[in-house]
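Examining the three-dimensional arrangement
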Amino acid sequence: ATVRYEAETAPATCEGTIDSNHAGFSGSGFCNSTNAVGAANQYTVNAASAGSATLTIRYAHGGTDTRSADIVVNGATVQAAGAFPATGAWATWTTKTVTVPVNAGSNTIRIAATTAAGLANIDYVELTDGAPPQQNGR
Ligand code: GCU
Ligand code: CA
């Protein structure tokens, strides 16, 4: 199943502000992080079972610099300095997909900036649980 978690909805946290000045976001806003290394947007997500899940991060980046962030799941860095390429405009949203290991039940997903520019603006994350289909069907 795929469940969406909005950046503006607790228990999600946004180290910065929840803004709504760039159109096209879902819900009532998006996370505009502080422009600093370590600035984070964090989510608590649920998985039906332990294993591999797909994390989809919807973001916009209207600047010309390269934004990057560590993707940290339950305290372990799954992707170090993952790239969030520019999208051309702050109202142009796209998604970045990362395969993540999850525990059954509650999991913490933290997206933490690794450059002084902070994060791209983040609209939401979606977690799709269940392993991707395998060739042998298992
Ligand atoms: C602009 C933009 C913000 C964005 C910021 C940034 O101020 O309006 O939404 O977060 O640039 O570069 O991080
Ligand atoms: Ca920002």
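Calculation rules
Residues numbered from 1 in each chain as written. Chains lettered and ligands numbered in written order. Predicted model: local features only at pLDDT ≥ 70, side-chain atom pairs only at ≥ 80, totals over all residues. Near = placed C-beta within 6 Å. Nonpolar A, V, L, I, M, F, W, Y, C, P; charged D, E, K, R; others polar. Helix = DSSP H or I, 4+ residues; strand = E, 2+ residues; numbered from the N terminus. Buried ≥ 20, exposed ≤ 12 C-beta atoms within 10 Å, placed from the backbone. Contact = placed C-beta atoms within 7 Å. UniProt positions renumbered as here; feature names shortened; annotations may be inferred. Pairing = 2+ DSSP bridges.

A few words now on the site of ligand 1. As a matter of local geometry, ligand 1 sits amid D19, H22, N32, N35, G63, W90, G118 and N121. The class makeup of the residues in the shell around ligand 1 is one nonpolar, six polar and one charged.

Turning our attention to the environment of R58. Here R58 is to be found in strand β6 (residues 51–60). With 22 C-beta atoms packed within 10 Å, R58 lands in the buried category. Between the C-alpha atom of R58 and that of E6, which follows or precedes it by 52 residues, the distance is 9.8 Å. In this structure R58 touches W93, T95, D123 and Y124, once residues within four positions along its chain are discounted.

All right, on to the UniProt feature "domain: CBM6" (unreviewed entry) in the protein then. UniProt feature "domain: CBM6" (unreviewed entry): in the numbering of this structure it lies at residues 3–128. From the first C-alpha to the last, residues 3–128 spans 7 Å; its make-up is 0% helix and 60% strand.

In this structure, the amide linkage connecting A10 to the following residue, P11, adopts the cis form with an omega of 10°. Along the chain, P11 turns up in the loop between β1 (2–6) and β2 (13–14). Of note in this structure, A81 is not a glycine but carries a positive phi near 50°. Take A81: it is sitting in strand β8 (residues 76–84).

In spatial order, the strands read β2-β5-β10-β7-β8; together these five strands make up an open sheet with antiparallel pairing. Across the chains shown, the open sheet's two edge strands, defined by having one partner strand only, are β2 and β8. Note: β2 against strand β5 (residues 40–47), two bridges, orientation antiparallel. Residue pairing in the sheet places T13 in a bridge with Q42 of β5.

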